[in-house]
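Understanding the architecture of this molecule
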Amino acid sequence: MPIATRIAITGLFVATLAFAQTTGTSPAPAPAPTPPTAPPTTGGGGGNPNNGGVIPQSAPSTTQQNQVPRIQQPVFITGNVTLADGTEPPERVLIERLCSANNVRSEGYTDSKGRFSLQLGQSLQLVPDASQSMLFDTTQGGFSNNNSNNSAGLGVDPYLACELRARLPGYRSSSIPLAGRRSLDNPAIGTLVLYPFSKTDGQAISATSAAASKDARKAFEKGLSEAKNQKPESAEKSLRKAVELHPKYAEAWVELSKLYLAAKRLPEARDAANHAVSADPQFVYPYEQLYRISFEEVKWQELADTTDRLLRLNPYEFPEAYYYNGVAHYQLKNYPAAEQSLQKAIDADRRNTQPKAHYVLGLVLVQKHDYQAAAQSLVTFANLSPNDAQIPKVKAILEQIEKALQ
């Protein structure tokens, strides 16, 4: 999308804000959008040339990589911690910096209201600074755990692989990425949310796997390997053998469902996922398959029901489910529920891998006649995904809002 067009859209939003203060005229109905497309699956970049909506940063030049070492400036951050229901934590909360699975650094504590103000790396402890153990090795083409050099002095982002999180017994924390943070940046980093652990949470590992025989497990593992190596026919054969040997092998049924869904064999994908649910109702991944199948089949009520069930089992590990849930409720004209789910999807998506959530939220807000907020959501989507096929419709909706508010 040309820069001039992006500037025009942003300017339109500014005009919308100005008009919103002087009139309450309702715009004409927005053009009916096509059903929103699916966001990228976990771990993938989707079809967006901007890698899931995140505008890529320019690669450092050779000159930048060979800069003379310099002393790293202190990085200050401020933010707050809240419980999932918006209330303050029951006690002071530890703030941690996680840079790899085994490298965690305590940065400090919140006050009694859940607020924190910290300087990264200031807290003294015996554990080495995790961010300094992740050096980019240009000779190996990846990260190295060599601590003989000072990554801060090499011009390498010391927080590239780091996230901030909160720790309080009995709660699970959201996280905030620290990549690219510099000393002169705005210190306000946002809100960390604590979710209470629940005894009714779904399971990420099926209890049925432990009962599988040696031959069934061998066939399952072979099927996984064949699927990874792009051999779907061989993978299907191996996974079929696994479920024949162990009919309640929920994980094998889920992998079969994935194969069928990828091949657009939707009835077979649904049948396999349902077998997994029957074998282990607390296993969460069959529900992920089922809601994706519902989306493909344009079954909005079923999509809403399945995502609701999955999010009751585990509201933490499936941020995409909030997006799908929001799409379903939008199509069902249940706008309050759609707005709530889409906002949760956006809050959980700190890397902006699901820009479509902003688009659908904008459509919901138009239906609720909240035109100022709708314009803001639509402009955010346009800036995150300037080449998306929905951009012409976004411009048309924004133009209608502007005309009506003049």
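Note: the structure precedes this text.
In this report, the structure presented in the accompanying data block is examined. Source: prediction; values computed, not measured.

Rules used throughout
Residues numbered from 1 in each chain as written. Predicted model: local features only at pLDDT ≥ 70, side-chain atom pairs only at ≥ 80, totals over all residues. Heavy atoms only, no water. Helix = DSSP H or I, 4+ residues; strand = E, 2+ residues; numbered from the N terminus. Expected span 1.5 Å × (residues − 1). Buried < 20%, exposed > 50% of the residue type's maximum accessible area, 1.4 Å probe, protein only. Contact = heavy atoms within 4.5 Å. Patch = residues over 30% accessible without salt bridge, like charges linked within 9 Å, V, L, I, M, F, W, Y side chains within 5 Å. Areas by Shrake-Rupley, 256 points an atom, 1.4 Å probe, with all protein chains shown as cover. Salt bridge = Lys/Arg side-chain N within 4 Å of Asp/Glu carboxyl O. Lys, Arg positive; Asp, Glu negative; His and termini not counted. Charge placed at Lys NZ, Arg CZ, Asp CG, Glu CD. Pairing = 2+ DSSP bridges. Axes fitted to C-alpha atoms, helices over the stretch in contact; angles between N-to-C directions. Arc of directions from axis to C-beta.

**Concerning helix α8 (residues 300-313)**
- In a regular helix each residue adds 1.5 Å, so 14 residues correspond to 20 Å; α8 covers 20 Å between its end C-alpha atoms and thus fits that length.
- Every buried residue of α8 is listed here: Trp-300, Leu-303, Ala-304, Thr-306, Thr-307, Leu-310, Leu-311 and Leu-313.
- Where the residues of α8 are buried, they touch α7 (285-296) and α9 (319-331).

**Structural notes on a positive patch on the surface**
- Among the surface-exposed residues, Lys-214, Arg-217, Lys-218, Lys-222, Lys-237 and Lys-241 lie close enough to one another that they form a single positively charged patch.
- Within the residue set of the positive patch, elements represented by two or more residues are α3 (214-228) and α4 (232-245).
- Here the positive patch takes four residues from α3, the largest share from any one element.

**A few points about the environment of Tyr-195**
- Along the chain, the position of Tyr-195 falls in strand β10 (residues 188-196).
- Residue Tyr-195 is classed as partly exposed on the basis of its relative accessible area of 27%.
- Linking Tyr-195 and Leu-83, residues 112 residues apart in sequence, is a C-alpha distance of 6.3 Å.
- Not counting chain neighbours up to four residues away, the residues in contact with Tyr-195 comprise Ala-84, Gly-170, Tyr-171, Arg-172, Ser-174 and Tyr-316.

**Let's talk about the sheet that holds strand β1 (residues 76-83)**
- Taken in spatial order, the four strands line up as β4-β1-β10-β8 in an open sheet, and their pairing is mixed. Two strands lie at the open edges of the sheet, namely β4 (115-119) and β8 (171-173), each paired on one side alone. The average angle at which neighbouring strand axes cross in this sheet is 30°, direction not considered.

**Concerning the pattern of salt bridges**
- The tally for this structure, following the rule as stated, stands at 15 salt bridges.
- With a closest N to O distance of 3.7 Å, Arg-105 and Glu-107 form a salt bridge. Grouping residues by exposure puts Arg-105 and Glu-107 together as buried.
- Among the salt bridges present, the one from Arg-292 reaches Glu-288, with a minimum N-O distance of 3.8 Å. Here Glu-288 and Arg-292 lie together in helix α7, a separation of four residues that amounts to about one turn. Per residue, the accessibility class of Arg-292 equals that of Glu-288, and both read buried.

**So, unusual backbone geometry**
- The backbone phi angle of Lys-264 is positive, close to 60°, even though this residue is not glycine.
- Take Lys-264: it is sitting in the loop between α5 (250-262) and α6 (266-279).
- Located in the positive-phi region is Val-298, a residue other than glycine, with phi close to 55°.
- Along the chain, Val-298 falls in the loop between α7 and α8.

**Concerning α4**
- Given a rise of 1.5 Å per residue, 14 residues ought to cover 20 Å, and the 20 Å separating the end C-alpha atoms of α4 matches this to within 8%.
- Of the residues making up α4, those classed as buried are Ala-235, Ser-238, Leu-239, Ala-242 and Val-243. Along the axis of α4, the buried residues cluster in a sector spanning 135°; they form a single face. α4 presents Glu-233, Lys-237 and Glu-244 as exposed residues on the side facing more than 90 degrees away from its buried surface.
- Of the surrounding elements, those touching the buried residues of α4 are α3 and α5.

**A closer look at the environment of Ala-338**
- Counting through the fold element by element, Ala-338 comes out in helix α10 (residues 335-348).
- Taking relative accessible area as the criterion, Ala-338 reaches 0% and is therefore assigned buried.
- Sequence spacing of Ala-338 and Val-327 is 11 residues, and the spatial spacing of their C-alpha atoms is 6.7 Å.
- In this structure, Ala-338 is in contact with Gly-326, His-329, Tyr-330 and Val-364, ignoring residues within four places of it in sequence.

**Focus: the environment of Glu-255**
- Structurally, the position occupied by Glu-255 is in helix α5.
- Sequence spacing of Glu-255 and Ala-273 is 18 residues, and the spatial spacing of their C-alpha atoms is 8.8 Å.
- When residues no more than four places from it in sequence are discounted, the contact partners of Glu-255 are Phe-220, Leu-224 and Leu-239.

Coordinates in, geometry out; function isn't part of it.
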